[in-house]
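As a plain string of letters, each chain reads:
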Amino acid sequence: MSGVVIIGAGQGGFQAAASLRSEGYSGPVLLIGEEAGLPYQRPPLSKTYLKSGDEGALALRPAAFYETQNITLRTGLRADRIDRARQVVVCGDTEFPYDHLILATGTRNLRPPIPGIEHALDLRTLADAARLRGALDGVQRVGVIGGGFIGLEFAAVARSLGREVTVAEAAPRLMARAVSPAMSERFAAKHREMGTEIILGDGVTAIDAVGFTLSSGRRVNADLILLAAGVRPNTELAWEAGLEVANGILVNDQLLTSDPAISALGDCASFPDHRSHHLIRLESVQAAADHARLIAKRIVHGPSAPYHAVPWFWSDQADWKLQIAGLARPEDSAEILPDGSVIRLKGDIVTAVETVNNAKVHMMARKRMAGATPMTRESFAAPV
Amino acid sequence: MVAITFIQPDGASQTVTATVGDSVMQTALNNNIDGIFAECGGAMMCATCHCYVDDAWTDATGERVDGEEDMLDCAEAEMRPTSRLTCQIKVTDALDGLVVHLPEA
(Lines give C-alpha, C1' and ligand atoms only; values in the text may rest on other atoms or scores of the structure.)
Protein backbone atom coordinates (compact mmCIF):
# COMPACT_ATOMS: atom_id res chain seq x y z
CA MET A 1 0.00 0.00 0.00
CA SER A 2 1.43 3.37 -1.05
CA GLY A 3 -1.03 5.48 0.93
CA VAL A 4 -1.86 9.14 0.52
CA VAL A 5 0.62 11.79 -0.62
CA ILE A 6 -0.23 15.44 -0.04
CA ILE A 7 1.65 18.15 -1.95
CA GLY A 8 1.54 21.39 0.01
CA ALA A 9 1.90 21.71 3.78
CA GLY A 10 -0.17 24.83 4.36
CA GLN A 11 -3.40 24.92 6.33
CA GLY A 12 -5.26 22.70 3.83
CA GLY A 13 -2.54 20.10 3.34
CA PHE A 14 -2.03 19.89 7.09
CA GLN A 15 -5.77 19.52 7.71
CA ALA A 16 -6.03 16.75 5.11
CA ALA A 17 -3.29 14.78 6.88
CA ALA A 18 -4.80 15.33 10.33
CA SER A 19 -8.33 14.51 9.15
CA LEU A 20 -7.21 11.30 7.41
CA ARG A 21 -6.01 10.08 10.80
CA SER A 22 -9.03 11.28 12.75
CA GLU A 23 -11.28 9.54 10.20
CA GLY A 24 -9.38 6.32 10.88
CA TYR A 25 -7.11 6.06 7.83
CA SER A 26 -4.36 3.58 8.67
CA GLY A 27 -2.16 3.68 5.54
CA PRO A 28 0.93 5.83 5.07
CA VAL A 29 0.39 9.61 4.95
CA LEU A 30 3.14 11.77 3.46
CA LEU A 31 2.93 15.56 3.66
CA ILE A 32 5.35 17.38 1.34
CA GLY A 33 5.99 21.11 1.83
CA GLU A 34 8.25 23.44 -0.09
CA GLU A 35 8.87 25.81 2.82
CA ALA A 36 11.16 24.70 5.63
CA GLY A 37 9.88 24.12 9.15
CA LEU A 38 6.62 22.95 10.69
CA PRO A 39 3.33 23.76 8.94
CA TYR A 40 2.04 27.09 10.26
CA GLN A 41 -0.92 29.46 10.14
CA ARG A 42 -0.75 32.23 7.57
CA PRO A 43 -3.57 34.56 8.72
CA PRO A 44 -1.60 35.97 11.70
CA LEU A 45 1.35 36.94 9.45
CA SER A 46 -0.38 40.15 8.42
CA LYS A 47 -1.95 40.67 11.85
CA THR A 48 -0.64 39.69 15.29
CA TYR A 49 2.70 38.28 14.13
CA LEU A 50 3.73 41.63 12.61
CA LYS A 51 3.37 43.15 16.06
CA SER A 52 4.57 40.31 18.29
CA GLY A 53 7.14 38.58 16.09
CA ASP A 54 6.26 35.40 17.96
CA GLU A 55 7.00 32.55 15.54
CA GLY A 56 6.26 29.88 18.13
CA ALA A 57 2.59 30.84 18.21
CA LEU A 58 2.22 30.16 14.48
CA ALA A 59 2.84 26.40 14.25
CA LEU A 60 -0.36 24.47 13.61
CA ARG A 61 0.92 21.59 15.76
CA PRO A 62 4.21 20.76 17.50
CA ALA A 63 6.62 18.27 15.88
CA ALA A 64 5.45 15.53 18.26
CA PHE A 65 1.99 15.61 16.71
CA TYR A 66 3.31 14.27 13.39
CA GLU A 67 5.11 11.45 15.18
CA THR A 68 2.16 10.36 17.31
CA GLN A 69 -0.19 10.59 14.33
CA ASN A 70 2.26 8.72 12.11
CA ILE A 71 2.28 11.48 9.50
CA THR A 72 5.53 11.70 7.54
CA LEU A 73 6.42 15.35 7.14
CA ARG A 74 8.94 16.26 4.43
CA THR A 75 9.48 20.01 4.34
CA GLY A 76 11.94 22.06 2.34
CA LEU A 77 11.13 19.70 -0.51
CA ARG A 78 9.71 20.71 -3.88
CA ALA A 79 7.57 18.38 -5.96
CA ASP A 80 8.82 18.56 -9.54
CA ARG A 81 6.43 16.32 -11.40
CA ILE A 82 3.48 13.97 -11.13
CA ASP A 83 3.67 10.74 -13.11
CA ARG A 84 0.01 9.78 -13.25
CA ALA A 85 0.51 6.57 -15.21
CA ARG A 86 2.81 5.18 -12.51
CA GLN A 87 1.11 7.07 -9.63
CA VAL A 88 4.29 8.65 -8.31
CA VAL A 89 5.32 12.15 -7.28
CA VAL A 90 8.83 13.03 -8.40
CA CYS A 91 10.98 15.24 -6.16
CA GLY A 92 14.48 15.50 -7.60
CA ASP A 93 15.93 11.98 -7.57
CA THR A 94 13.26 10.63 -5.25
CA GLU A 95 9.92 9.13 -6.21
CA PHE A 96 6.99 8.90 -3.82
CA PRO A 97 4.28 6.42 -4.89
CA TYR A 98 0.66 7.16 -4.04
CA ASP A 99 -2.71 5.40 -4.01
CA HIS A 100 -4.31 8.82 -3.74
CA LEU A 101 -2.72 12.22 -4.27
CA ILE A 102 -3.99 15.49 -2.79
CA LEU A 103 -2.87 18.75 -4.38
CA ALA A 104 -2.78 21.56 -1.81
CA THR A 105 -0.31 23.76 -3.65
CA GLY A 106 -1.95 27.06 -2.72
CA THR A 107 -1.07 30.31 -4.42
CA ARG A 108 1.89 32.57 -5.00
CA ASN A 109 2.00 36.32 -5.06
CA LEU A 110 1.27 38.10 -8.25
CA ARG A 111 4.30 40.15 -9.29
CA PRO A 112 3.23 42.24 -12.29
CA PRO A 113 5.97 43.24 -14.76
CA ILE A 114 6.38 46.77 -13.38
CA PRO A 115 9.83 48.38 -13.75
CA GLY A 116 11.62 48.28 -10.40
CA ILE A 117 9.35 45.55 -8.96
CA GLU A 118 12.42 44.10 -7.18
CA HIS A 119 12.23 46.99 -4.71
CA ALA A 120 8.86 45.80 -3.40
CA LEU A 121 8.56 43.27 -0.57
CA ASP A 122 6.01 40.45 -0.38
CA LEU A 123 3.83 39.23 2.47
CA ARG A 124 2.88 35.62 2.02
CA THR A 125 5.29 33.35 3.86
CA LEU A 126 6.74 33.44 7.34
CA ALA A 127 10.08 34.37 5.77
CA ASP A 128 8.38 37.32 4.01
CA ALA A 129 6.72 38.45 7.22
CA ALA A 130 9.96 38.22 9.21
CA ARG A 131 11.77 40.29 6.57
CA LEU A 132 8.98 42.85 6.55
CA ARG A 133 9.00 43.12 10.34
CA GLY A 134 12.70 43.78 10.28
CA ALA A 135 12.37 46.35 7.50
CA LEU A 136 9.58 48.18 9.34
CA ASP A 137 11.94 48.88 12.22
CA GLY A 138 14.15 51.38 10.49
CA VAL A 139 11.73 53.30 8.27
CA GLN A 140 9.29 56.17 8.55
CA ARG A 141 7.41 56.15 5.24
CA VAL A 142 5.59 53.01 4.13
CA GLY A 143 3.98 52.52 0.72
CA VAL A 144 1.50 49.73 0.09
CA ILE A 145 0.59 48.65 -3.44
CA GLY A 146 -2.84 47.03 -3.34
CA GLY A 147 -5.84 47.79 -1.14
CA GLY A 148 -7.05 44.25 -0.43
CA PHE A 149 -7.09 42.38 2.89
CA ILE A 150 -3.33 41.87 3.12
CA GLY A 151 -2.36 45.39 2.08
CA LEU A 152 -4.86 46.98 4.44
CA GLU A 153 -4.04 44.72 7.40
CA PHE A 154 -0.39 45.58 6.98
CA ALA A 155 -1.19 49.28 6.54
CA ALA A 156 -3.18 49.27 9.79
CA VAL A 157 -0.31 47.66 11.72
CA ALA A 158 2.30 50.02 10.22
CA ARG A 159 0.11 53.03 11.04
CA SER A 160 -0.42 51.84 14.62
CA LEU A 161 3.37 51.69 14.94
CA GLY A 162 3.49 55.37 14.00
CA ARG A 163 4.62 55.05 10.39
CA GLU A 164 3.40 57.36 7.62
CA VAL A 165 1.41 55.06 5.38
CA THR A 166 0.11 55.40 1.83
CA VAL A 167 -2.02 52.73 0.17
CA ALA A 168 -2.41 52.83 -3.62
CA GLU A 169 -5.15 50.73 -5.17
CA ALA A 170 -5.66 50.46 -8.94
CA ALA A 171 -9.38 49.71 -8.62
CA PRO A 172 -11.82 52.51 -7.77
CA ARG A 173 -12.44 51.08 -4.29
CA LEU A 174 -10.82 49.01 -1.51
CA MET A 175 -11.30 45.21 -1.20
CA ALA A 176 -13.40 45.34 -4.38
CA ARG A 177 -13.39 41.56 -4.87
CA ALA A 178 -14.53 40.82 -1.34
CA VAL A 179 -17.06 43.39 -0.16
CA SER A 180 -19.83 45.73 -1.28
CA PRO A 181 -19.11 49.34 -2.33
CA ALA A 182 -20.66 50.57 0.93
CA MET A 183 -18.26 48.46 3.02
CA SER A 184 -15.31 49.60 0.88
CA GLU A 185 -16.25 53.18 1.69
CA ARG A 186 -16.53 52.52 5.42
CA PHE A 187 -13.03 51.05 5.44
CA ALA A 188 -11.57 53.84 3.31
CA ALA A 189 -12.96 56.34 5.82
CA LYS A 190 -11.61 54.30 8.74
CA HIS A 191 -8.08 54.16 7.33
CA ARG A 192 -8.13 57.85 6.44
CA GLU A 193 -9.29 58.65 9.96
CA MET A 194 -6.23 56.77 11.25
CA GLY A 195 -4.08 59.06 9.13
CA THR A 196 -3.36 56.66 6.30
CA GLU A 197 -3.42 58.10 2.82
CA ILE A 198 -5.71 56.06 0.56
CA ILE A 199 -5.32 56.55 -3.19
CA LEU A 200 -7.94 54.87 -5.38
CA GLY A 201 -8.20 54.22 -9.11
CA ASP A 202 -4.52 54.85 -9.67
CA GLY A 203 -2.29 51.91 -10.60
CA VAL A 204 1.47 51.74 -10.13
CA THR A 205 3.61 52.21 -13.25
CA ALA A 206 7.14 52.25 -11.80
CA ILE A 207 8.86 51.39 -8.51
CA ASP A 208 12.29 52.46 -7.26
CA ALA A 209 14.27 52.36 -4.03
CA VAL A 210 12.55 55.43 -2.56
CA GLY A 211 8.96 55.10 -3.70
CA PHE A 212 6.69 54.54 -6.67
CA THR A 213 4.94 56.42 -9.44
CA LEU A 214 1.25 56.06 -10.30
CA SER A 215 -0.43 56.14 -13.71
CA SER A 216 -1.76 59.63 -13.00
CA GLY A 217 1.85 60.73 -12.64
CA ARG A 218 1.46 61.10 -8.90
CA ARG A 219 4.52 60.23 -6.82
CA VAL A 220 4.49 58.30 -3.53
CA ASN A 221 7.68 58.46 -1.49
CA ALA A 222 8.35 55.42 0.67
CA ASP A 223 11.34 53.77 2.33
CA LEU A 224 9.53 50.45 2.51
CA ILE A 225 7.22 49.20 -0.22
CA LEU A 226 4.88 46.25 0.14
CA LEU A 227 3.41 44.65 -2.94
CA ALA A 228 0.02 43.16 -2.06
CA ALA A 229 -1.62 42.95 -5.46
CA GLY A 230 -3.20 39.53 -5.22
CA VAL A 231 -2.16 35.97 -5.92
CA ARG A 232 -2.07 33.31 -8.62
CA PRO A 233 -3.01 29.67 -7.98
CA ASN A 234 -0.15 27.19 -8.27
CA THR A 235 -1.53 24.99 -11.03
CA GLU A 236 1.63 24.15 -12.99
CA LEU A 237 2.17 20.67 -11.50
CA ALA A 238 -1.41 19.75 -12.31
CA TRP A 239 -1.32 21.32 -15.77
CA GLU A 240 1.92 19.59 -16.72
CA ALA A 241 0.42 16.30 -15.55
CA GLY A 242 -2.48 16.83 -17.95
CA LEU A 243 -5.16 17.62 -15.36
CA GLU A 244 -7.87 20.13 -16.26
CA VAL A 245 -7.19 23.67 -15.07
CA ALA A 246 -9.59 26.64 -15.10
CA ASN A 247 -8.52 29.52 -12.82
CA GLY A 248 -7.35 26.74 -10.50
CA ILE A 249 -7.14 22.98 -10.61
CA LEU A 250 -10.59 21.89 -11.72
CA VAL A 251 -12.43 19.58 -9.31
CA ASN A 252 -15.98 18.23 -9.06
CA ASP A 253 -18.35 18.44 -6.09
CA GLN A 254 -16.40 15.61 -4.44
CA LEU A 255 -13.22 17.71 -4.93
CA LEU A 256 -11.78 15.16 -7.35
CA THR A 257 -9.75 16.35 -10.34
CA SER A 258 -10.16 14.88 -13.82
CA ASP A 259 -8.02 11.96 -12.49
CA PRO A 260 -9.98 9.93 -9.90
CA ALA A 261 -6.75 9.20 -8.01
CA ILE A 262 -6.07 12.94 -7.47
CA SER A 263 -7.95 15.52 -5.37
CA ALA A 264 -7.27 19.24 -5.04
CA LEU A 265 -8.20 21.62 -2.26
CA GLY A 266 -8.07 25.16 -0.97
CA ASP A 267 -6.66 28.22 -2.73
CA CYS A 268 -5.45 26.26 -5.79
CA ALA A 269 -8.74 24.47 -6.51
CA SER A 270 -11.56 25.64 -8.75
CA PHE A 271 -14.78 23.97 -7.57
CA PRO A 272 -18.53 24.15 -8.29
CA ASP A 273 -20.32 26.46 -5.85
CA HIS A 274 -23.32 24.59 -4.47
CA ARG A 275 -25.30 27.84 -4.11
CA SER A 276 -24.50 29.97 -7.18
CA HIS A 277 -23.68 27.00 -9.47
CA HIS A 278 -20.63 28.89 -10.71
CA LEU A 279 -17.09 27.55 -10.64
CA ILE A 280 -15.30 29.38 -7.84
CA ARG A 281 -11.87 29.49 -6.24
CA LEU A 282 -11.61 30.78 -2.67
CA GLU A 283 -8.58 32.14 -0.87
CA SER A 284 -9.43 31.30 2.70
CA VAL A 285 -8.57 29.10 5.66
CA GLN A 286 -12.21 28.02 5.85
CA ALA A 287 -12.33 26.60 2.32
CA ALA A 288 -8.94 24.90 2.68
CA ALA A 289 -9.94 23.20 5.94
CA ASP A 290 -13.47 22.25 4.86
CA HIS A 291 -12.20 20.88 1.54
CA ALA A 292 -9.57 18.87 3.41
CA ARG A 293 -12.13 17.33 5.74
CA LEU A 294 -14.40 16.30 2.86
CA ILE A 295 -11.52 14.71 0.97
CA ALA A 296 -10.30 12.80 4.04
CA LYS A 297 -13.82 11.49 4.72
CA ARG A 298 -14.25 10.48 1.10
CA ILE A 299 -10.94 8.61 1.01
CA VAL A 300 -11.80 6.70 4.18
CA HIS A 301 -15.58 6.20 3.88
CA GLY A 302 -16.39 6.67 0.17
CA PRO A 303 -18.29 9.44 -1.65
CA SER A 304 -20.54 11.66 0.46
CA ALA A 305 -22.95 14.54 -0.11
CA PRO A 306 -21.59 17.20 -2.50
CA TYR A 307 -19.37 19.87 -0.96
CA HIS A 308 -21.62 22.62 0.39
CA ALA A 309 -19.81 24.38 3.28
CA VAL A 310 -20.74 28.05 3.80
CA PRO A 311 -17.75 30.26 2.94
CA TRP A 312 -16.60 32.76 5.55
CA PHE A 313 -13.80 35.29 5.71
CA TRP A 314 -12.34 37.73 8.16
CA SER A 315 -9.92 40.62 8.23
CA ASP A 316 -8.54 42.49 11.25
CA GLN A 317 -7.80 46.13 10.49
CA ALA A 318 -6.92 48.20 13.55
CA ASP A 319 -9.78 47.69 16.04
CA TRP A 320 -12.22 46.65 13.31
CA LYS A 321 -12.92 43.00 12.64
CA LEU A 322 -14.56 42.61 9.25
CA GLN A 323 -16.46 39.35 8.91
CA ILE A 324 -18.13 38.02 5.79
CA ALA A 325 -20.53 35.10 5.79
CA GLY A 326 -21.43 33.60 2.43
CA LEU A 327 -20.28 34.66 -1.00
CA ALA A 328 -21.85 37.37 -3.17
CA ARG A 329 -21.48 37.71 -6.92
CA PRO A 330 -20.46 41.20 -8.13
CA GLU A 331 -23.93 41.76 -9.59
CA ASP A 332 -25.77 41.00 -6.31
CA SER A 333 -27.52 44.00 -4.77
CA ALA A 334 -26.59 45.48 -1.39
CA GLU A 335 -28.76 46.67 1.47
CA ILE A 336 -27.17 48.71 4.24
CA LEU A 337 -28.56 48.01 7.71
CA PRO A 338 -28.83 50.69 10.42
CA ASP A 339 -25.69 49.43 12.23
CA GLY A 340 -23.64 49.64 9.02
CA SER A 341 -23.73 45.91 8.26
CA VAL A 342 -24.40 45.12 4.63
CA ILE A 343 -26.45 42.25 3.28
CA ARG A 344 -25.99 41.14 -0.30
CA LEU A 345 -29.03 39.85 -2.14
CA LYS A 346 -29.89 37.93 -5.25
CA GLY A 347 -33.63 38.46 -5.53
CA ASP A 348 -34.93 37.51 -2.10
CA ILE A 349 -31.98 35.22 -1.24
CA VAL A 350 -29.24 36.55 1.04
CA THR A 351 -25.92 35.60 -0.60
CA ALA A 352 -23.56 37.29 1.87
CA VAL A 353 -23.58 39.26 5.12
CA GLU A 354 -20.78 41.76 5.80
CA THR A 355 -20.39 42.89 9.41
CA VAL A 356 -17.90 44.91 11.45
CA ASN A 357 -17.36 43.95 15.09
CA ASN A 358 -20.63 42.09 15.14
CA ALA A 359 -19.89 38.42 15.73
CA LYS A 360 -23.46 37.67 16.71
CA VAL A 361 -24.96 38.58 13.34
CA HIS A 362 -22.05 36.96 11.53
CA MET A 363 -22.47 33.64 13.31
CA MET A 364 -26.26 33.73 12.98
CA ALA A 365 -25.89 34.27 9.22
CA ARG A 366 -23.43 31.39 8.91
CA LYS A 367 -25.76 29.06 10.78
CA ARG A 368 -28.82 29.98 8.74
CA MET A 369 -26.93 29.82 5.45
CA ALA A 370 -25.87 26.28 6.33
CA GLY A 371 -29.52 25.20 6.58
CA ALA A 372 -31.25 23.06 3.98
CA THR A 373 -33.09 26.00 2.42
CA PRO A 374 -31.44 29.25 1.32
CA MET A 375 -31.59 32.16 3.76
CA THR A 376 -34.11 34.73 2.57
CA ARG A 377 -34.30 38.40 3.49
CA GLU A 378 -37.19 37.47 5.79
CA SER A 379 -35.41 34.60 7.58
CA PHE A 380 -32.33 36.79 8.06
CA ALA A 381 -34.44 39.29 10.00
CA ALA A 382 -36.25 36.66 12.08
CA PRO A 383 -35.37 36.59 15.79
CA VAL A 384 -32.84 34.00 16.95
CA MET B 1 4.91 24.01 34.30
CA VAL B 2 1.16 24.05 34.71
CA ALA B 3 -1.13 21.01 34.71
CA ILE B 4 -4.47 21.17 32.91
CA THR B 5 -7.07 18.40 32.90
CA PHE B 6 -9.47 17.98 30.00
CA ILE B 7 -12.55 15.86 30.69
CA GLN B 8 -14.52 14.39 27.79
CA PRO B 9 -18.34 14.12 27.86
CA ASP B 10 -17.99 10.37 28.58
CA GLY B 11 -15.87 11.13 31.66
CA ALA B 12 -12.50 10.17 30.16
CA SER B 13 -9.90 12.58 31.46
CA GLN B 14 -6.46 13.56 30.29
CA THR B 15 -4.03 15.69 32.27
CA VAL B 16 -1.36 17.50 30.28
CA THR B 17 1.42 19.97 30.89
CA ALA B 18 0.85 23.50 29.65
CA THR B 19 3.28 26.32 29.00
CA VAL B 20 2.65 29.68 30.65
CA GLY B 21 1.71 32.21 27.98
CA ASP B 22 0.06 29.69 25.65
CA SER B 23 -3.71 29.59 25.43
CA VAL B 24 -5.68 26.63 26.75
CA MET B 25 -6.65 26.03 23.10
CA GLN B 26 -3.00 25.77 22.05
CA THR B 27 -2.38 23.40 24.94
CA ALA B 28 -5.25 21.20 23.77
CA LEU B 29 -4.00 21.16 20.18
CA ASN B 30 -0.45 20.39 21.24
CA ASN B 31 -1.74 17.39 23.12
CA ASN B 32 -4.25 16.25 20.51
CA ILE B 33 -7.24 16.60 22.81
CA ASP B 34 -10.48 15.43 21.14
CA GLY B 35 -13.23 18.01 20.84
CA ILE B 36 -11.06 21.12 20.41
CA PHE B 37 -10.98 21.87 16.68
CA ALA B 38 -9.81 25.49 16.82
CA GLU B 39 -10.54 26.04 13.21
CA CYS B 40 -9.63 29.74 13.12
CA GLY B 41 -6.41 29.32 15.08
CA GLY B 42 -7.50 31.46 18.00
CA ALA B 43 -8.81 34.52 16.14
CA MET B 44 -12.20 34.22 17.89
CA MET B 45 -13.87 33.47 14.58
CA CYS B 46 -15.36 30.04 14.94
CA ALA B 47 -16.45 28.84 18.44
CA THR B 48 -14.92 25.38 17.77
CA CYS B 49 -12.74 25.49 20.90
CA HIS B 50 -15.65 25.73 23.34
CA CYS B 51 -15.26 24.33 26.87
CA TYR B 52 -17.05 24.40 30.21
CA VAL B 53 -14.70 25.56 32.93
CA ASP B 54 -15.02 23.42 36.07
CA ASP B 55 -17.01 25.24 38.76
CA ALA B 56 -13.99 25.35 41.06
CA TRP B 57 -11.99 27.30 38.46
CA THR B 58 -14.37 29.90 37.06
CA ASP B 59 -12.95 32.67 39.26
CA ALA B 60 -9.37 31.88 38.26
CA THR B 61 -10.12 31.87 34.53
CA GLY B 62 -11.88 35.21 34.81
CA GLU B 63 -14.45 37.00 32.70
CA ARG B 64 -15.21 36.43 29.05
CA VAL B 65 -13.52 38.89 26.71
CA ASP B 66 -15.34 41.32 24.43
CA GLY B 67 -17.25 39.48 21.73
CA GLU B 68 -16.65 36.04 23.22
CA GLU B 69 -20.22 35.65 24.42
CA ASP B 70 -21.63 36.27 20.93
CA MET B 71 -19.43 33.50 19.56
CA LEU B 72 -20.34 31.10 22.39
CA ASP B 73 -23.99 31.82 21.76
CA CYS B 74 -23.52 30.29 18.31
CA ALA B 75 -21.41 27.30 19.34
CA GLU B 76 -22.63 23.83 18.46
CA ALA B 77 -23.18 22.81 22.08
CA GLU B 78 -25.36 24.81 24.49
CA MET B 79 -23.86 27.84 26.20
CA ARG B 80 -23.76 27.59 29.98
CA PRO B 81 -22.64 30.13 32.57
CA THR B 82 -19.25 28.34 32.66
CA SER B 83 -18.79 28.36 28.87
CA ARG B 84 -15.54 29.82 27.53
CA LEU B 85 -13.57 29.76 24.31
CA THR B 86 -10.30 28.04 25.19
CA CYS B 87 -8.45 30.37 22.78
CA GLN B 88 -9.29 33.23 25.13
CA ILE B 89 -7.96 31.61 28.33
CA LYS B 90 -4.26 32.32 28.79
CA VAL B 91 -2.25 29.81 30.79
CA THR B 92 -0.79 31.40 33.94
CA ASP B 93 0.81 29.90 37.06
CA ALA B 94 -2.46 30.57 38.86
CA LEU B 95 -4.18 28.04 36.59
CA ASP B 96 -2.04 25.10 37.73
CA GLY B 97 -4.53 22.26 38.22
CA LEU B 98 -7.21 23.79 35.95
CA VAL B 99 -10.03 21.44 34.99
CA VAL B 100 -12.14 22.02 31.88
CA HIS B 101 -14.98 19.91 30.51
CA LEU B 102 -15.52 19.41 26.79
CA PRO B 103 -19.00 19.66 25.29
CA GLU B 104 -20.78 16.89 23.41
CA ALA B 105 -19.54 16.95 19.81
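Residues numbered from 1 in each chain as written. Chains lettered and ligands numbered in written order. Predicted model: local features only at pLDDT ≥ 70, side-chain atom pairs only at ≥ 80, totals over all residues. Heavy atoms only, no water.

Q: Now, about the overall build of chain B: what can you tell me, with residues and values included?
A: Within chain B, the secondary structure is distributed over three helices and five strands. The C-alpha radius of gyration computed for chain B amounts to 12 Å, which stays within 12% of the reference 13 Å derived for 105 residues, consistent with globular compactness. Along the first, second and third principal axes, the C-alpha set of chain B runs to 30 × 30 × 25 Å. Evaluated residue by residue, chain B yields a buried proportion of 50% over its 105 residues. Considering only contacts within chain B whose residues lie at least 6 apart along the sequence, 59% involve residues at least 24 apart. For chain B, the separation between the mean place of its 4 positive charges and that of its 18 negative charges on side chains is 4 Å. (Helix = DSSP H or I, 4+ residues; strand = E, 2+ residues; numbered from the N terminus. Rg over C-alpha atoms; globule rule 2.2 N^0.38 Å. Buried < 20%, exposed > 50% of the residue type's maximum accessible area, 1.4 Å probe, protein only. Contact = heavy atoms within 4.5 Å. Lys, Arg positive; Asp, Glu negative; His and termini not counted. Charge placed at Lys NZ, Arg CZ, Asp CG, Glu CD.)

Q: With reference to specific residues and values, describe the nonpolar core.
A: With 88 residues, the main nonpolar core has Ile6(A), Ile82(A), Val89(A), Leu101(A), Leu103(A), Val142(A) and Phe154(A) as its most contacted residues. Residues in contact with Ile6(A), not counting those within four places in the same chain, are Gly13(A), Ala16(A), Ala17(A), Leu20(A), Val29(A), Leu30(A), Leu31(A), Ile32(A), Ile102(A) and Ala104(A). The next biggest cluster of nonpolar side chains, apart from the first, holds 34 residues, and it includes Ala359(A), Leu72(B), Leu85(B) and Cys87(B). (Core = buried A, V, L, I, M, F, W, Y, C linked by side-chain atoms within 4.5 Å.)

Q: Help me get a handle on the pairing of strand 7 (residues 100-103) of chain A, residues and values and all.
A: Residue and element names in this part refer to chain A. Burial of the side chains of strand 7 extends over both faces: His-100 and Ile-102 are buried on one face and Leu-101 and Leu-103 on the other. By the bridge criterion, four bridges tie strand 1 (residues 4-7) to strand 7 in an arrangement that is parallel. Across the sheet, residue Val-4 finds its bridge partner in strand 7, namely His-100. Where strand 7 meets strand 18 (residues 262-264), three bridges bridge the pair, whose relative direction is parallel. Within the sheet, the bridge partner assigned to Leu-103 lies in strand 18 and is Ala-264. (Pairing = 2+ DSSP bridges.)

Q: Break down the interface of chain A and chain B for me, citing the residues and quoting the values.
A: Contact with chain A, which involves 23 residues of that partner, is made by 18 residues of chain B. With both chains or domains summed, chain A and chain B bury close to 1700 Å², and 52% of this area falls on carbon and sulfur atoms. For the pair chain A and chain B, the interface holds three salt bridges. Our count for the contact surface shared by chain A and chain B stands at five residue pairs in polar contact (both at pLDDT 80 or more). Elements supplying a minimum of two residues to the side of chain A that touches chain B: helix 8 (285-301), strand 21 (312-317), strand 22 (320-326) and helix 9 (359-369) of chain A. For the side of chain A that touches chain B, the element with the highest residue contribution is helix 9 of chain A, accounting for seven residues. (Buried area = accessible area lost by both parts, 1.4 Å probe. Salt bridge = Lys/Arg side-chain N within 4 Å of Asp/Glu carboxyl O. Polar contact = N/O pair within 3.5 Å; in protein donor to acceptor, adjacent residues only side chain to side chain.)

Q: Any chance you could break down the sheet that holds strand 20 (residues 279-280) of chain A for me, citing the residues and the numbers?
A: Residue and element names in this part refer to chain A. Taken together, three strands build an open sheet; the order of strands is 17-19-20 and the sheet is mixed. What marks the edges here is a single partner per strand, and that holds for strand 17 (249-250) and strand 20. As paired elements, strand 19 (residues 269-272) and strand 20 share two bridges and run antiparallel to each other. Across the sheet, residue Phe-271 finds its bridge partner in strand 20, namely Ile-280.

Q: Account for the UniProt feature "domain: Reductase C-terminal" (unreviewed entry) in chain A, with residues named and values stated.
A: This chain's UniProt record puts "domain: Reductase C-terminal" (unreviewed entry) on residues 312-382 of chain A. As a span, residues 312-382 of chain A carries 23% helix and 42% strand, and end to end its C-alpha atoms are 21 Å apart. (UniProt positions renumbered as here; feature names shortened; annotations may be inferred.)

Q: Got a sec to walk through the side chain of His291(A)? Specific residues and values, please.
A: Tracing the backbone through its elements, the reader meets His291(A) in helix 8. If near-sequence neighbours (up to four positions away) are discounted, His291(A) is found in contact with Leu255(A), Leu265(A), Gly266(A), Phe271(A) and Tyr307(A).

Q: Talk me through the domain arrangement of chain A; I want residue IDs and the actual numbers.
A: All names here are of chain A. Taken as a whole, chain A is organised into domain 1 (4-108 + 231-301), domain 2 (111-227) and domain 3 (319-381). For domain 2 and domain 3, the distance between their C-alpha centroids amounts to 28 Å. Taken together, the contact pairs 10 residues of domain 2 with 14 residues of domain 3. Summed over both partners, the interface of domain 2 with domain 3 buries about 980 Å², with 71% contributed by carbon and sulfur atoms. Connecting domain 2 to domain 3 are one salt bridge. Among the ionic pairs, Asp-319 bridges to Lys-190, the shortest N-O distance being 2.6 Å. If you look at where domain 2 meets domain 3, you find three residue pairs in polar contact (both at pLDDT 80 or more). (Domains from an automatic or database assignment.)

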